Amino acid sequence: MLINTGLCTEDVAPVDRFDYWREHMSKSYVPAQILSDHAAEFPASQRLLHLGAVRLWKTEHPQMTLRRTPKLIGRSDPEMYHLSLALRGTMTLTQGDREAAYGAYDLTLLDTSRPYLLEARTGYAQDRVLGTGVFIPRHLLPLPAKSTDQLINCRMSGHDGFGGLLAHFLSRIWADTGAYQPADGPRLGTVAIDLLSALLAHTLDAGNTLEPETHRCTLLLRIKAFIHQHLPDPRLSPRTVAAAHHISLSYLHRLFQHEETTVAAWIRLQRLERARHDLANTALRHTPIHAIAARWGFPRAADFTRAFRTIYGMPPSDYRNEACALTE
């Protein structure tokens, strides 16, 4: 199971809950001034998933105001981008000279190195704000800071496109944490970085505005996101990927030279990883292996078994037995 930490203020006396929450937020995220009309009884919870250098979070709390000041930044700054996905309630955010309001399934990006004011509200005083998101160290995003800075506190949709892919990824992780092993954490962190980078690059229309090397990186991120989206399609191939992005097959292969693998091998590995995850899922233990293989683009069971053994050193049936035995 992934490394999962959390807090629930209802575990302490009502009079101590708000202070407990403020102390936890300062330690798990960044120091900030937090105010709330519900400080007397503050029912709130937070969960954190540690995915290598990336952290996923999910919180539910009453209405509150959070302020990050220059003094607090000077005291502690992890130099992270903070992507937030609102699920219930509204959020008004002021950072720099921008003020914007966000509702359900709006995505927004914050920079912990800049002061901001966040006001989280619900339609009714007794309701709780619900949201999820991701903390990513700034240096891990491949886009130049001057380009990413253009998207600080700008609304991005979590309903469709790359935003929809990222929102779905965040939701699925929380719904299925038990199906992953600790070693999967850094891999999932890489997926989060790739999806966020692709979303930002798409929003910036980076192909027309960035330097050639950054253009290459963002194009590669878009291609990887496209591949992830179409893994179940057995017709997915380097040729169809190149055609979908209006580039030549030879140029696609040159892009992947920096990945130290071929396009076809990268596609095959992503399919195997998805299939491996399903094989370790006890809820799918009665699903035939050939059905799982077909679900991830392997129409021939023999091809899947051979490829799986090559990568993981054992047949898929043995892997399933071992993985399921560990969770019993």
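The coordinates are above.
Conventions we followed
Residues numbered from 1 in each chain as written. Predicted model: local features only at pLDDT ≥ 70, side-chain atom pairs only at ≥ 80, totals over all residues. Heavy atoms only, no water. Helix = DSSP H or I, 4+ residues; strand = E, 2+ residues; numbered from the N terminus. Rg over C-alpha atoms; globule rule 2.2 N^0.38 Å. Buried < 20%, exposed > 50% of the residue type's maximum accessible area, 1.4 Å probe, protein only. Contact = heavy atoms within 4.5 Å. Core = buried A, V, L, I, M, F, W, Y, C linked by side-chain atoms within 4.5 Å. Pairing = 2+ DSSP bridges. Axes fitted to C-alpha atoms, helices over the stretch in contact; angles between N-to-C directions. Expected span 1.5 Å × (residues − 1). Salt bridge = Lys/Arg side-chain N within 4 Å of Asp/Glu carboxyl O. Parallel < 35°, antiparallel > 145°, perpendicular 65-115°, else oblique. Nonpolar A, V, L, I, M, F, W, Y, C, P; charged D, E, K, R; others polar. Polar contact = N/O pair within 3.5 Å; in protein donor to acceptor, adjacent residues only side chain to side chain.

*Asks:* Is there a simple way to explain the overall build of the chain in this structure?
*Replies:* When its secondary structure is counted, the chain shows twelve helices and twelve strands. Rg of the C-alpha trace for the chain: 22 Å, near the compact-globule value of 20 Å for 328 residues, within the 12% margin. Principal-axis analysis of the C-alpha atoms places the extent of the chain at approximately 65 × 50 × 35 Å. When the 328 residues of the chain are sorted by exposure, 50% land in the buried category. Nonlocal contacts in the chain, meaning residues at least 24 apart in sequence, comprise 72% of its contacts between residues at least 6 apart.

*Asks:* How should I be thinking about the nonpolar core in this particular structure?
*Replies:* Among soluble globular proteins, nonpolar side chains are generally buried collectively. Formed by 36 residues in total, the largest nonpolar core has its most connected members in Val54, Leu56, Leu83, Leu166, Phe169 and Leu200. Within the residue set of this core, elements represented by two or more residues are strand S3 (45-51), strand S4 (54-61), strand S6 (80-88), strand S9 (106-111), strand S11 (129-137), helix H4 (161-175), helix H5 (184-204) and helix H6 (212-229). Looking at which element gives the most residues to this core, the answer is H5, with ten residues. Beyond its immediate sequence surroundings of up to four residues, leucine 83 is in contact with Trp57, Leu107, Thr108, Leu109, Thr132, Gly133, Val134, Met156, Leu166 and Leu196. Residues Val241, Ala242, Leu252 and Phe298 belong to the second largest nonpolar core, which totals 29 residues.

*Asks:* What is the right way to read the sheet that holds S11 from this model?
*Replies:* Within a sheet, each strand pairs with its neighbour through backbone hydrogen bonds, oriented either parallel or antiparallel. One open sheet holds the seven strands; their spatial order is S1-S3-S4-S11-S6-S9-S12, and the pairing between them is antiparallel. Each edge of the sheet is formed by a strand with only one pairing partner; in this case those strands are strand S1 (4-8) and strand S12 (156-157). By the bridge criterion, five bridges tie S1 to S3 in an arrangement that is antiparallel. Paired with threonine 5 across the strands is leucine 48, a residue of S3. Contacting S3, S4, S6, S9, S11 and S12, H4 crosses the sheet at an angle of about 80 degrees to S4.

*Asks:* So what exactly am I meant to see when it comes to the pairing of strand S10 (residues 116-121) here?
*Replies:* Strand residues, when the strand is regular, have side chains that alternate between the two faces of the sheet. Here strand S5 (residues 64-68) pairs with S10 via five bridges, running antiparallel. Of the residues in S10, the one forming a bridge with arginine 68 is tyrosine 116. Summarising the sheet, strand S7 (residues 90-95) and S10 pair through six bridges and their orientation is antiparallel. Each bridged residue has a counterpart across the sheet, and for threonine 90 the counterpart in S10 is arginine 121.

*Asks:* I'm lost on the sheet that holds S5 in this one. Help?
*Replies:* Pairing within the open sheet is antiparallel, and its five strands lie in the order S2-S5-S10-S7-S8. Looking at strand neighbours, the two that pair on one side only are strand S2 (33-35) and strand S8 (98-102), the edges of this open sheet. For this sheet, the mean angle separating the axes of adjacent strands, direction not counted, is 10 degrees. Strand direction decides the pairing type here: S2 and S5, joined by three bridges, are antiparallel. Within S5, the position partnered with leucine 35 by the bridge is threonine 65. Packing of helix H1 (residues 14-28) onto the sheet brings it into contact with S2 and S5, and relative to S2 it is tilted by some 150 degrees.

*Asks:* Can you walk me through helix H11 (residues 301-312) in this structure?
*Replies:* Along an α-helix, a turn takes 3.6 residues, which lines up residues three or four apart on a common side. Helix length check: H11, at twelve residues, gives a terminal C-alpha distance of 16 Å against a target of 16 Å (1.5 Å per residue), a fit within 8%. Just downstream of H11 lies glycine 313, where phi reads positive at about 80 degrees.

*Asks:* What exactly am I supposed to notice about the pattern of salt bridges here?
*Replies:* Once the charged atoms of two side chains with opposite charge are near each other, the side chains can pair. Summed over all chains, the structure comprises 18 salt bridges. Where arginine 88 meets glutamate 60, a salt bridge forms, and the shortest distance between an N and an O atom there is 2.6 Å. Pair noted here: arginine 88 is in strand S6 and glutamate 60 is in strand S4, with a separation of 28 residues, a long-range link. Look at glutamate 60 and you get partly exposed, because its relative accessible area is 25%. For arginine 235, the salt bridge goes to aspartate 233, with nearest N and O atoms at 3.1 Å. Relative accessible area serves as the criterion here: at 65%, arginine 235 is assigned to the exposed category. Salt bridges linked by common partners bring Asp111, Arg114, Arg138 and Asp149 together as one network.

*Asks:* Can you walk me through the packing of helix H9 (residues 263-279) against H11 in this structure?
*Replies:* Between two packed helices, what matters for the description is the angle formed by their axes and the separation of those axes. The geometry of H9 relative to H11 is characterised by a closest axis approach of 11 Å and an angle of 90 degrees between their N-to-C directions. Regarding the angle of H9 to H11, the classification is roughly perpendicular. Residues Arg268, Leu269, Leu272, Glu273, Ala275, Arg276 and Leu279 of H9 lie in contact with H11, whose contacting residues are Phe304, Ala307, Phe308, Ile311 and Tyr312. When the residues that make up the contact of H9 with H11 are grouped by side-chain class, the tally is nine nonpolar, no polar and three charged.

*Asks:* Just to check I follow, could you spell out the side chain of aspartate 184 for this structure?
*Replies:* Mapped onto the elements, aspartate 184 comes out in helix H5. On the basis of relative accessible area, aspartate 184 is assigned to the buried category, the value being 7%. A distance of 2.8 Å separates a polar atom in the side chain of aspartate 184 from a polar atom in the side chain of arginine 187.

*Asks:* Whenever I open this one, the environment of serine 36 confuses me. Can you help?
*Replies:* Position of serine 36 relative to the elements: it lies in the loop between S2 and S3. Taking C-alpha positions, serine 36 is 52 Å from histidine 246, a pair spaced 210 residues apart along the chain. Ignoring any residue separated from it by four or fewer positions in sequence, one finds serine 36 in contact with Phe18, Phe42, Gln63 and Met64. A polar atom in the side chain of serine 36 sits 3.0 Å from the backbone nitrogen of histidine 38. Within the structure, the side chain of serine 36 is placed 2.7 Å from the backbone oxygen of glutamine 63, a separation counted as a polar contact.

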